[in-house]
Amino acid sequence: MKKIIELKNISKAFDGETVLDGISLDIHDNEFITLLGPSGCGKTTTLRIIGGFEYPDEGDVIFMGERINDVPPHKRHVNTVFQKYALFPHLNVFENVAFPLRERKVPKKEIQEKVEQMLKMVMLSGFADRRVNSLSGGQQQRVAIARALVNEPKVLLLDEPLGALDLKLRKDMQQELKKIQKNTGITFIFVTHDQEEALSMSDTIVVMSEGKIQQIGSPTDIYNEPVNAFVADFIGESNIVDGVMLADYRVSFAGHTFNCLDTGFGKNEPVDVVIRPEDVDIVPPEKGMLCGTVTSVTFMGVHNEAIVDIRGFKWMIQTTDPVEEGAYIGITLEPDAIHIMKKSKYSGMFGDYSSFSNELDELSNPDEGEEA
Amino acid sequence: MKTSRNTQMAGTYRAALAPYSVWSFLFVLVPLIFIAYYAFTDNSFSFTTENITRFFTATSNMVQEDGSTREVRTYLLIFMRSLRLAVISTLVCLLMGYPIAYIMARAGEKAQKTMVTLIMIPMWMNFLIRTYAWMTILQDTGIINGILGKFGISPIHIIGTETAVIIGMVYDYFPYMVLPIYSILAKLDGKLLEAARDLGCGTLSVLRRVVFPLSLPGVISGMTMVLIPSISTFYISQKLGNGKFFLIGDAIEGQYVANNLHFAAAIAFILMLILLVGMTVMKYVTTRYVYGGE
Amino acid sequence: MKLSAKIYSAIIFGFLFAPILVLIVFSFNEAKSLSVFSGVSLKWYQELFRDKNTLEAVKNTLVLAASATAISTVMGTMAAVGINKLRSKWYRAAMNTVTDIPMSNPDIITGISLMLMFVFVGRLFGASTSLNFFTMLIAHITFCTPYVILQVLPKLQQMDKSLHEAAMDLGCTPMRAFLKVEIPEIMPGIITGAIMAFTLSLDDFVISYFTSGNGFETLPIRIYGMTKKTVTPKMYALATIIFLVTLSLLLISNFVDNEDQARLRQARKEKKGKKD
């Protein structure tokens, strides 16, 4: 696949505070790429640098082989769907979509055709004369997409475009966006803090934290092979335990030695061990590799979510079997349930569920992804 | 920031602001300096503090009610009188205006609109004419006495009294009191009142403990907007006070007409300074006690 | 509304409108009396329209108000745009303060201060009278512009910041984005600001009084001059006309406002009806 955008070692600071710290990233033609991370991680700034609204302090932005650091937004072949849509309130739906065409002095007849075609694509035919303020959130979203696509950009930037929609609508729009991306063949660069959204839509996910790229990969790579504790914790649920790599395929943690599939670590190297909650099997205590007491059980619909105290470390375990609070249980781990990561600066910060509650989780992951 | 377009745009914005910056420097700040300059110079523009001293020391004889005369410090007396009348007018405006602002804020949407318009209509009329109308009404041969005369009541003498001046001030500046209070009260969340009731407040108690404290910013801006023009007026006292109640504004205007620009400037300078101090204290007190400090 | 509230409102509005009503009624009085109505006549109106000086003053007032409004609206809007983008805290505070001064200072001080400067500068150039139409114009622009800024600035602050970026994203240069997107957005503020500037200028007496001269007389100054001597019902006729003009202006602007509100309500209704 052809590279369409290259970011080379980009840094950016606002008022002396580093927001981006040496970001390098290749974006390919026809790709759905997602910048994922908590608020303040620099994902929106990266997007704004590509859009031309911010300029990097250091590094280069290359667009189809050309350096575009100093090209203003209106001369770039990229368009943006803004977080709160940024529809022009003084114009109706038709005129909003026609806005970029009129700016380019496209003949009237062609404008008519193109706008109608776009509105049809986003399923808003018949809404042309409506005022944008009279539309629902989902409809405004579609107008914003139509407006951004009418210029046939090479790349579409989407800044948390689904953040303002309710859950059901969000799911529908995810499908629809993916469909539009497939049909038009335009590269989508999508910014979100919602890991589920990222996993379900993207070809490539770029996980960011503190102005740095933590990992780039396909959704399955990122989920199955996180590179460090931050990524493991941010994408899905994980138990992250301190361990020691005894030899290739042998790791010791929680007072027990396990077989695993990982190689290439030094002898007796301290490591982080990731175990996804759904990969843990519950067995009677006498058969368990590890044993512990269930401290709480939450019914989640499809499965039960149990917090189990194993030698003072709280594990999260998802199981479809019934479990009871206070029960003493054993667990077993298959070799492919164990993923080993090198120690990083995030070691020890994540992956312990001792203070876990769903509510806290939501609080620490606020819905607005706004960055400077 | 070494971002090329950002600085270029910032340049455009600064250019847009430039005419106004220059304008307000030349025609707002420099003229204020001229007040000070004139206040501290004599006719040949050499430095003197005489104008300022004159404000504090000039004396004249005032005829008292019993016919005897008393020596008074002319301008201090005038200033205190201005302050007293302005404060009385402001309080009267507040007492009359607060209830109507509250009634307006609680009225239906349509009634609110109509009432706001009605309050504003007199504001749109020239205040000279408004004052003039009261002159007609209050004159010894005016409407009030005309009506009283029909009932055989002997005419009352209002024009040329302090009461007439206060009526004029209240009438002219009343809307300035009502509108700021109204706009705060209208925005007040009805849920707060319900909450207060829910927590056991009676109607009066809701007013005293919830509505009034929340409306204080409006009350204060209303009071400022009435106090400042009242304290500095010269037309109202001339027309309704028959020129008998010289106010600080009259003093300035009189010196201007007599072409004593330096002394006029000195009075204006002192008035400005006093108001500045007063307003600063008020601002400090409000931010400290009304908004609970910073 | 409770009965007591109704009664209270009636008293207050009676207090507000009784004097105006008196003026209107007595403007049609046949006699010169201020207390006895002796018959309907239009003679005071006829006399008013024969008064060349008053008519001249009306013309002057309108010319002055129109010029002051045009200049202060343009300068004030530009200033608001600039202030909105100011990064320097110090500069912003300075601009807020100078904008506040003409609004919070008593008119008499604004008037005196400008007059002193004009007189002083005039002296430097050896002019015997330095006050004229232009000094008044400067004064009016000075006290009108802050009100324009005060109307436009909040509109700019409320505006979605990304609208400007969206316009550039869709192919506008920064300047075109401003003209095509931001100006229409802040238009209501600009219009209200202009209306305020116009009425303030029409209405101003105190500042005009100190900065006028050289035979250039506005209506408020003329009224002041007329009321210095004996009261004549000609003034009532003038007051009535002014009242009717301001009333109709107010009703028109209210009507425009209502239309706008109605459109908004309509939009909201449509939205409610067609939820996704």
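Residues numbered from 1 in each chain as written. Chains lettered and ligands numbered in written order. Predicted model: local features only at pLDDT ≥ 70, side-chain atom pairs only at ≥ 80, totals over all residues.

### Remarks on the overall build of chain A
In terms of helices and strands, chain A carries 9 helices and 20 strands. Structurally, chain A occupies a C-alpha span of about 80 × 45 × 40 Å along its principal axes. By the burial criterion, 43% of the 372 residues in chain A qualify as buried. Once local pairs closer than 6 in sequence are excluded, the contacts in chain A between residues at least 24 apart make up 68%. (Helix = DSSP H or I, 4+ residues; strand = E, 2+ residues; numbered from the N terminus. Buried ≥ 20, exposed ≤ 12 C-beta atoms within 10 Å, placed from the backbone. Contact = placed C-beta atoms within 7 Å.)

### Some thoughts on the sheet that holds strand 14 (residues 269-275) of chain A
Residues and elements named next belong to chain A. On the basis of which strands lie adjacent, the open sheet formed by 5 strands has the order 13-12-11-14-20 and antiparallel pairing. At either end of the open sheet lies a strand with only one pairing partner, and these are strand 13 (256-259) and strand 20 (338-342). Averaged over all pairs of adjacent strands, the angle between their axes in this sheet comes to 40 degrees, without regard to strand direction. (Pairing = 2+ DSSP bridges. Axes fitted to C-alpha atoms, helices over the stretch in contact; angles between N-to-C directions.)

### Looking at the interface of chain C and chain A
Facing the 20 residues of chain C at the interface are 27 residues of chain A. Looking at which element gives the most residues to the side of chain C that touches chain A, the answer is helix 7 (residues 162-169) of chain C, with 6 residues.

### Things to note about the interface of chain C and chain B
The partner chain B presents 61 residues to the 55 residues of chain C that form the contact. Only helix 1 (3-27), helix 3 (52-84), helix 4 (89-104), helix 5 (107-124), helix 6 (133-158), helix 8 (174-203), helix 10 (219-228) and helix 11 (233-273) of chain C provide two or more residues apiece to the side of chain C that touches chain B. When its residues are assigned to classes, the side of chain C that touches chain B shows 43 nonpolar, 10 polar and 2 charged. (Nonpolar A, V, L, I, M, F, W, Y, C, P; charged D, E, K, R; others polar.)

### A word on the sheet that holds strand 5 (residues 66-67) of chain A
Residue and element names in this part refer to chain A. Strand order in this open sheet of 4 strands is 2-1-4-5, and the pairing throughout is antiparallel. Each edge of the open sheet is held by one strand with a lone partner, namely strand 2 (17-28) and strand 5. Note: strand 1 (residues 3-14) against strand 2, 9 bridges, orientation antiparallel. Its bridge partner being in strand 2, L7 is matched across the sheet by L25.

### Things to note about the domain arrangement of chain A
If you check the domain split of chain A, you get domain 1 (3-224) and domain 2 (237-363). Taking only C-alpha atoms, the centre of domain 1 of chain A and the centre of domain 2 of chain A are 38 Å apart. (Domains from an automatic or database assignment.)

### Observations concerning the packing of helix 5 (residues 127-138) of chain B against helix 10 of chain C
Relative to each other, helix 5 of chain B and helix 10 of chain C sit at 25 degrees, their axes nearing to 9 Å. Viewed along their axes, helix 5 of chain B and helix 10 of chain C adopt a mutual orientation that is roughly parallel. Two secondary-structure elements touch here, helix 5 of chain B through L128, I129 and Y132 of chain B and helix 10 of chain C through P220, I223, Y224 and T227 of chain C. Classifying every residue of the contact of helix 5 of chain B with helix 10 of chain C gives 6 nonpolar, 1 polar and no charged. (Parallel < 35°, antiparallel > 145°, perpendicular 65-115°, else oblique.)

### Things to note about the pairing of strand 9 (residues 204-209) of chain A
All names here are of chain A. The buried fraction of strand 9 amounts to 6 of the 6 residues, a majority that puts the element mostly inside the structure. Burial of strand 9 is two-sided: the residues T204, V206 and M208 facing one way and the residues I205, V207 and S209 facing the other way are all buried. Examined bridge by bridge, strand 9 and strand 10 (residues 212-217) share 5 bridges and lie antiparallel to one another. In the strand pairing of strand 10, S209 is matched with K212. Between strand 9 and the antiparallel strand that follows it, strand 10, lie 2 residues; E210 among them carries a positive phi value of about 50 degrees.

### Comments concerning the packing of helix 3 (residues 74-106) of chain B against helix 7 (residues 162-187) of chain B
All names here are of chain B. Packing of helix 3 against helix 7 leaves a shortest axis separation of 6 Å and a crossing angle of 40 degrees. As judged from the angle between their axes, helix 3 and helix 7 are oblique. Helix 7 is crossed by helix 3, and the crossing has right-handed handedness. Tallied by class, residues from the contact of helix 3 with helix 7 come to 24 nonpolar, 2 polar and 1 charged. (Left-handed = near helix turned anticlockwise from the far one by under 90°.)

### Here's the deal with the confidence of the model for chain A
All names here are of chain A. Taken as a whole, chain A shows an average pLDDT of 88; of its residues, 95% reach a score of 70 or greater. No element of chain A has a lower mean pLDDT than helix 9 (residues 358-363), at 46, and none a higher one than strand 3 (residues 32-36), at 95. Confidence over residues 358-372 falls short of pLDDT 50; this stretch has 20 contacts with residues more than four positions distant or in other chains. (pLDDT = per-residue confidence, 0-100.)

### Observations concerning the environment of Q255 of chain B
Residues and elements named next belong to chain B. Tracing the backbone shows Q255 in helix 11 (residues 248-257). Each C-alpha atom, one on Q255 and one on I267, is 9.3 Å from the other, the two residues being 12 residues apart in sequence. Non-local contacts of Q255, meaning those with residues more than four positions away in its chain, are made with N260, F263, A264 and I267.

### Considerations on the environment of A265 of chain B
With respect to the helices and strands, the residue A265 of chain B is situated in helix 12 (residues 261-290). Through-space distance from the C-alpha of A265 of chain B to that of L185 of chain B is 40 Å; in sequence the pair is 80 residues apart.

### Description of unusual backbone geometry
Residue and element names in this part refer to chain A. Of note in the backbone geometry, E160 takes a positive phi value of approximately 40 degrees without being a glycine. Structurally, E160 can be placed in the loop between strand 7 (155-159) and helix 5 (167-184). A positive phi angle is found at E210, which is not glycine, with a value near 50 degrees.

### Description of the nonpolar core
Among the nonpolar cores identified, the biggest contains 142 residues, and I35, A265, I267 and A268 of chain B together with I112 and L116 of chain C are the most heavily contacted of them. The dominant element in this core, judged by the number of residues it contributes, is helix 7 of chain B, at 17 residues. (Core = buried A, V, L, I, M, F, W, Y, C linked by C-beta atoms within 7 Å.)

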